[in-house]
Amino acid sequence: MTANARPGSAPAAAPTLPPPKRWTAALAFAALAVNVGFFGPIQILLARQAELVSAESKASVLALVAGVGALCSMVANPLWGALSDRTTGRWGRRLPWVLGGAVGGAGGLVLLATAESVGGMILGWSVVQVALNAEFAALAAAIPDQVPVDRRGAAGGWFGLAQTVGVLIGTGLAVSGGAATGGVLGGYLACAVFVVLATVPFVLLRRDVRLTRAERPPWDAAAFARGFWPRGFGADFGWAWLTRFLMNLGNALALLYLLYYLKDEVGLVDAESGVLVLTSVYAVALLSTVVVGGVWSDRTGRRRIFVMGSGVIMAVASAMMVAWPTWPGAVLAAGVLGIGFGTYTSVDFALVTQVLPAAADRGKDLGVINIANTLPQVLSPVVAAPIVAHLGGYPTLYLVAAAVGLLGATLVYRIRGVR
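Residues numbered from 1 in each chain as written. Predicted model: local features only at pLDDT ≥ 70, side-chain atom pairs only at ≥ 80, totals over all residues. Heavy atoms only, no water.

Caption draft 1: Region of interest: the pattern of salt bridges. Using the criterion set out here, one finds 8 salt bridges in the structure. We note a salt bridge from Lys58 to Glu51, for which the minimum N-O separation is 3.7 Å. The class for Lys58 is buried, based on a relative accessible area of 16%. The closest approach of N and O atoms between Glu51 and Lys263, which form a salt bridge, is 3.7 Å. Here Lys263 lies in helix 9 (residues 258-266) and Glu51 lies in helix 1 (residues 21-53), a separation of 212 residues in the sequence. Given the relative accessible area of 30%, Lys263 is considered partly exposed. Overlapping salt bridges bring together Asp85, Arg93, Arg94 and Asp145 as one network. (Salt bridge = Lys/Arg side-chain N within 4 Å of Asp/Glu carboxyl O. Buried < 20%, exposed > 50% of the residue type's maximum accessible area, 1.4 Å probe, protein only. Helix = DSSP H or I, 4+ residues; strand = E, 2+ residues; numbered from the N terminus.)

And the structure:
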């Protein structure tokens, strides 16, 4: 239970007392588990597996698998969030979904490791997306459940830090595990074990808000479905969604073919190790801003200027990939991107929690916001593939990525209820 709610009480308003540091640390570890499960495959394993399944059409296979998985995530995240909003029992309303998502996600990674066809890859990756989104939705909703508004920039910073370190660890496990087995099996199994073990501390703390059956919000399927439509978002919530969507679309356009960019455009011989190096540079740069940016935003009480500034920096990073398509240029761009995305990650999360429509539907509404993270994964292959093939290749792709992200950052000023 939280320090701000008695057992059996629903969080009708924002909490006023911060959770203990051990809870924040355990939350970060659990978020780390989710991101290892997501980004180990995304960064290395899916691309390598697509090449093993069909070397001639590797880009199309990767786009199809990633797109179907993202579609599953779009539905799963708000659905699990809505169900966690209504979960009763002595374990609380978020913890069952955290534990179940971790176990199911690990199982999906094992299934994906055995896939030898496009259909098998789609099935395995879909299971991973559906399961891990249950854990992700519950963890994200736990922050507004238990963290006061004036501390959410810092909490968002730790949550975002977990994503970045998750990319780094996931990539490292994918590379080292794959090297140990001479394929993708070891990488997937290493990620699966990590997902479960890193979730355990958060579950063992058993700190959650409990709902009684009488306090449980009623389930309205029609209202849930309407929540996916922008008219149901509300003005500030809708602009927050669009801002995040455009900025994530810009990132997705640039990152989907990073392995192929290094191999085909830069001419790097060991492109997989190159991805690991770039991820490490990005992570170190992000570490310098992700928590500091969130704390700074908390102290000033301002969110929008931080989102705008980080969007400009991220657009510069994409433009550098066009102007300097070399290995040193890619390394420098990774560092610039990390500086911008670190601030954006923490501050944007705090901003979003301040425009949620209803406290009783935090899990569902954060799930709808998360569509702005996953929908770009669906659209980016559709947009990126023809650009790379027919409309100027990688230079055009990275210019489009910069323009889309910058537009999203500018639109943050349409949000009126947050400074």
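Once the structure has been displayed, the description carries forward.
Caption draft 2: Quick look at the packing of aromatic side chains. In total, this model carries 10 aromatic pairs according to the counting rule given. Centre to centre, the rings of Trp241 and Phe245 are 5.4 Å apart; their planes meet at 10°, and the pair counts as stacked. Here Trp241 pairs with Phe245, and both are found in helix 8 (residues 235-255), just 4 residues apart, close to one helical turn. Residue Trp241 is classed as buried on the basis of its relative accessible area of 14%. Taking the relative accessible area as the measure of exposure, Phe245 reaches 10% and is therefore buried. Where Phe341 meets Tyr344, the ring centres are 5.7 Å apart and the plane angle is 45°; that geometry is what we call tilted. With a gap of 3 residues between them, Phe341 and Tyr344 both fall in helix 13 (residues 327-353), about one helical turn apart. An aromatic cluster is defined as three or more aromatic residues linked by ring pairs; in this entry it consists of Phe136, Phe159 and Phe349. Geometry around Trp91 places Arg206 over its ring, the cationic atom sitting 4.4 Å from the centre. (Phe/Tyr/Trp six-rings, centres within 6.5 Å; stacked < 30°, edge-to-face > 60°. Lys NZ or Arg CZ within 6 Å of the ring centre and 35° of its normal.)

Caption draft 3: Examining the environment of Ala113 more closely. Tracing the sequence through the fold places Ala113 in helix 3 (residues 95-113). For the pair formed by Ala113 and Gly238, sequence separation is 125 residues and the distance between their alpha carbons is 38 Å. Ignoring sequence-local partners within four residues, the contact set of Ala113 consists of Val184, Leu185 and Tyr188. (Contact = heavy atoms within 4.5 Å.)

Caption draft 4: Quick peek at the packing of helix 10 (residues 271-287) against helix 13. As a packed pair, helix 10 and helix 13 sit with axes 7 Å apart at the nearest point and diverge in direction by 35°. Crossing handedness for the pair helix 10 and helix 13: right-handed. On helix 13, the residues touching Gly274, Val277, Leu278, Val281, Tyr282, Ala285 and Leu286 of helix 10 are Trp327, Ala330, Val331, Ala334, Gly335, Leu337, Gly338, Ile339, Phe341 and Gly342. When its residues are assigned to classes, the contact of helix 10 with helix 13 shows 13 nonpolar, 4 polar and no charged. (Axes fitted to C-alpha atoms, helices over the stretch in contact; angles between N-to-C directions. Left-handed = near helix turned anticlockwise from the far one by under 90°. Nonpolar A, V, L, I, M, F, W, Y, C, P; charged D, E, K, R; others polar.)

Caption draft 5: Region of interest: helix 14 (residues 362-390). An ideal rise of 1.5 Å per residue puts 42 Å on 29 residues; helix 14 measures up with 43 Å between its terminal C-alpha atoms. Leu379 marks where helix 14 bends most, by close to 35°; the proline Pro381 follows one to four residues later. Two residues or fewer past helix 14, Gly392 is found with a positive phi of approximately 110°. (Expected span 1.5 Å × (residues − 1). Bend = angle between axes of the 7 residues up to and from the residue.)

Worth remembering: the numbers are spatial, not functional.
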